[in-house]
Amino acid sequence: MSSKMLLVWCRTLHRLPVSLSRVVFSPIASYNVTAPLLYPGDKSSSHVVSRQHRHKPGPDGRRDHERSVKGKVWKNEMPVMQDASLWKGGDQRVSSELRKLCLEDSSAERERPVKQRSLLDSRAESYEVVFGIAPCLLALTQGRRKARKLFVKDGETSQRDSVVKVCEEAFQRGVQVQRVSKNELDRMSSGRVHQGVCLHASPLDFLTEHTDVKSNGKRNPLYLVLERIQDPMNLGAILRSAYFLGVDRVISSLHNSCPLSPVVSKASSGVLEVLGVYGCENLKDMVKLKVKRGWQVVGTVAADADGSVIPVTQCSDFHMTKPTLLLMGGEGEGLSQELLSLCQTLLTIPAGRDLCAGVESLNVSVATGILLHSLLSSNR
């Protein structure tokens, strides 16, 4: 009995139109069948199925037919999805979930090119990360850098008065402020002490104009000349002392010297953002030119230096009587012989006790601060 029923069912199925059977069993046609479910009021899906009845199979039979049906499905279904009239609030042919999903997808597609352009722009524009309260604040207020974005540590740190002041300065200048995690700030500053703020800004470079500072009638000008200072912490400390004590100009050799980096700015407590540093290709020629213009050249030497043909004087006994260049050499080697030979006087800093071997000298930044204070005190 069951075999007879199966035979009847198969004969009945055989009498159905071929295209309708394809609609039921073909994965492509099943997509057409779901169209009325998504768009209950839309009749466009019916004419897709009806065209399938008129389609003639190709030489390879069903496979060519399905390929043709697939092309017709996309041609007829895509305009329905893209029709702007279907997304109106009063049209209920598209479910709210599907509408939301499609809008999110289209929004992402619109935003992707913008994000790519902004990423390219940030890469093309040269900038560095200034970190620390004083460097960031002075970088914003002095205007020597082009500030791009201020990053502030999220949490209670952003509520401190010093941080709020930096944010206010950034806001007043139209600089974007963004809160980030401590780990992100640590990464930006390479693990250095950032105090909760980092600023993306254009880099600073050495100044090149060498117009002499005119005497103001009260004292003679003092230029600090640095040769081969390679430690950014030393350079920052030297700049801080020079600015505080009143040095008229700082000149540095361009070769074998550290650049004016954010580390220098942090070590100087932001003085780098205020005090311009001049770069010189050839310090020897510059010193010779100043000597011709009546400047005196003062160098430094260890307290126990013997056999020098250049007069050696304790810094406390020296008095500035005319415009002066103070020459300071780099860590370890000190002044080069070509600059040392141009000095008219060598200054020493006397020690206050008998020194053990290995600690009989001062750090270059400390020695510079002592000598500057001594020279400028004698010039008042």
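The structure displayed is predicted, hence computed values, not measured ones. (Residues numbered from 1 in each chain as written. Predicted model: local features only at pLDDT ≥ 70, side-chain atom pairs only at ≥ 80, totals over all residues. Heavy atoms only, no water.)

### Points about the pairing of strand β10 (residues 324-328)
1) Next: Burial within β10 is extensive, with five of its five residues counted as buried.
2) Next: What you see with β10 is no split at all: Thr-324, Leu-326 and Met-328 on one side and Leu-325 and Leu-327 on the other are buried throughout.
3) Next: In this sheet, β10 lies alongside strand β5 (residues 222-226) in parallel orientation, the contact comprising five bridges. Of the residues in β10, the one forming a bridge with Tyr-223 is Leu-325. (Buried < 20%, exposed > 50% of the residue type's maximum accessible area, 1.4 Å probe, protein only. Helix = DSSP H or I, 4+ residues; strand = E, 2+ residues; numbered from the N terminus. Pairing = 2+ DSSP bridges.)

### A word on the packing of aromatic side chains
1) Next: Going through the model one piece at a time under the given rule, you end up with one aromatic pair.
2) Next: With 4.6 Å between their ring centres and 55 degrees between their planes, Tyr-223 and Trp-295 make a pair best called tilted. Here Tyr-223 is found in strand β5, whereas its partner Trp-295 is found in the loop between α12 (283-292) and β8 (296-300), with 72 residues between them in sequence. The burial state of Tyr-223 is the same as that of Trp-295; both residues are buried. (Phe/Tyr/Trp six-rings, centres within 6.5 Å; stacked < 30°, edge-to-face > 60°.)

### As for the sheet that holds strand β7 (residues 277-280)
1) Next: Read from one edge to the other, the open sheet built from seven strands follows the order β7-β6-β5-β10-β8-β11-β9, with strand pairing classed as parallel. On the outer flanks of this sheet lie β7 and β9 (312-314), each paired with one strand and no other. The sheet shows a mean angle of 30 degrees between the axes of neighbouring strands, taken without regard to direction.
2) Next: Pairing analysis gives three bridges linking β8 to strand β11 (residues 345-348), with the strands arranged parallel. Bridge pairing links Gly-299 to Leu-346 in β11.
3) Next: Lying on the sheet, helix α10 (residues 232-245) is in contact with β5, β6 (249-253) and β7; it crosses β5 at an angle near 180 degrees.
4) Next: Against the sheet, helix α14 (residues 364-378) contacts β5, β8, β10 and β11, and its axis sits at roughly 165 degrees relative to β10. (Axes fitted to C-alpha atoms, helices over the stretch in contact; angles between N-to-C directions. Contact = heavy atoms within 4.5 Å.)

### Topic: the pattern of salt bridges
1) Next: By the definition in use, this model includes eight salt bridges.
2) Next: The partner of Lys-182 in a salt bridge is Asp-186, and the shortest N-O contact between them spans 2.9 Å. Of this pair, Lys-182 and Asp-186 both sit in helix α9 (residues 182-188), separated by four residues, roughly a single helical turn. (Salt bridge = Lys/Arg side-chain N within 4 Å of Asp/Glu carboxyl O.)

### Considerations on the sheet that holds strand β2 (residues 147-153)
1) Next: Spatial strand order, β1-β4-β2-β3: four strands in an open sheet with mixed pairing. Two strands in the sheet have a free side with no partner beyond their single neighbour: β1 (128-131) and β3 (176-180). On average, each strand axis in the sheet is inclined to that of its neighbour by 25 degrees, with strand direction left out of account.
2) Next: One ladder, built from five bridges, connects β2 with β3; its direction is parallel. Residue pairing across strands places Val-152 opposite Arg-179, the latter belonging to β3.
3) Next: Strand contacts of helix α7 (residues 133-142): β1, β2 and β4 (197-201), with the helix running at about 40 degrees to β4, the strand carrying the most contacts.
4) Next: Helix-sheet contacts for helix α8 (residues 161-172) involve β2, β3 and β4, and the interaxial angle to β2 is about 155 degrees.

### Considering the layout of surface pockets
1) Next: Estimated volume of the largest pocket: approximately 800 Å³.
2) Next: Taken together, 28 residues line the largest pocket, and the ones lying closest to its centre are Val-301, Ala-302, Glu-360, Ser-361 and Leu-362.
3) Next: At the level of elements, β11 and α14 are the ones that each hand at least two residues to the lining of the largest pocket.
4) Next: No other element matches α14, which puts three residues into the lining of the largest pocket. (1 Å grid on protein atoms, 1.4 Å probe; cavity = no way out; pocket = protein on both sides within 12 Å on 5 of 7 lines; lining within 4 Å. Points joined across faces, edges and corners; volume = space filled by probe spheres on them.)

### Here we look at the packing of α10 against α14
1) Next: Closest axis-to-axis distance for the α10/α14 pair is 9 Å, and the angle between their directions is 15 degrees. Here α10 lies roughly parallel to α14, going by the angle between them. Crossing angle aside, the handedness with which α10 passes α14 is right-handed. Contacts between α10 and α14 involve Asn-234, Ala-237, Ile-238, Ser-241, Ala-242 and Leu-245 from the first element and Val-364, Ser-365, Thr-368, Gly-369, Leu-372, His-373 and Leu-376 from the second. (Parallel < 35°, antiparallel > 145°, perpendicular 65-115°, else oblique. Left-handed = near helix turned anticlockwise from the far one by under 90°.)

### Notes on α7
1) Next: Among the residues of α7, those classed as buried are Ile-133, Pro-135, Cys-136, Leu-137, Ala-139 and Leu-140.
2) Next: On its buried face, α7 sits against β1, β2, α8, β4 and α11 (262-267).

### Focus: the side chain of Glu-128
1) Next: Among the structural elements, Glu-128 can be located in strand β1.
2) Next: Looking at Glu-128, its side chain comes within polar contact range of the side chain of Arg-145, at 2.7 Å.
3) Next: Residue contacts for Glu-128: discarding those within four places in its chain leaves Arg-145, Leu-199, His-200, Ala-201, Ser-202, Pro-203, Leu-204, Leu-260 and Pro-262. (Polar contact = N/O pair within 3.5 Å; in protein donor to acceptor, adjacent residues only side chain to side chain.)

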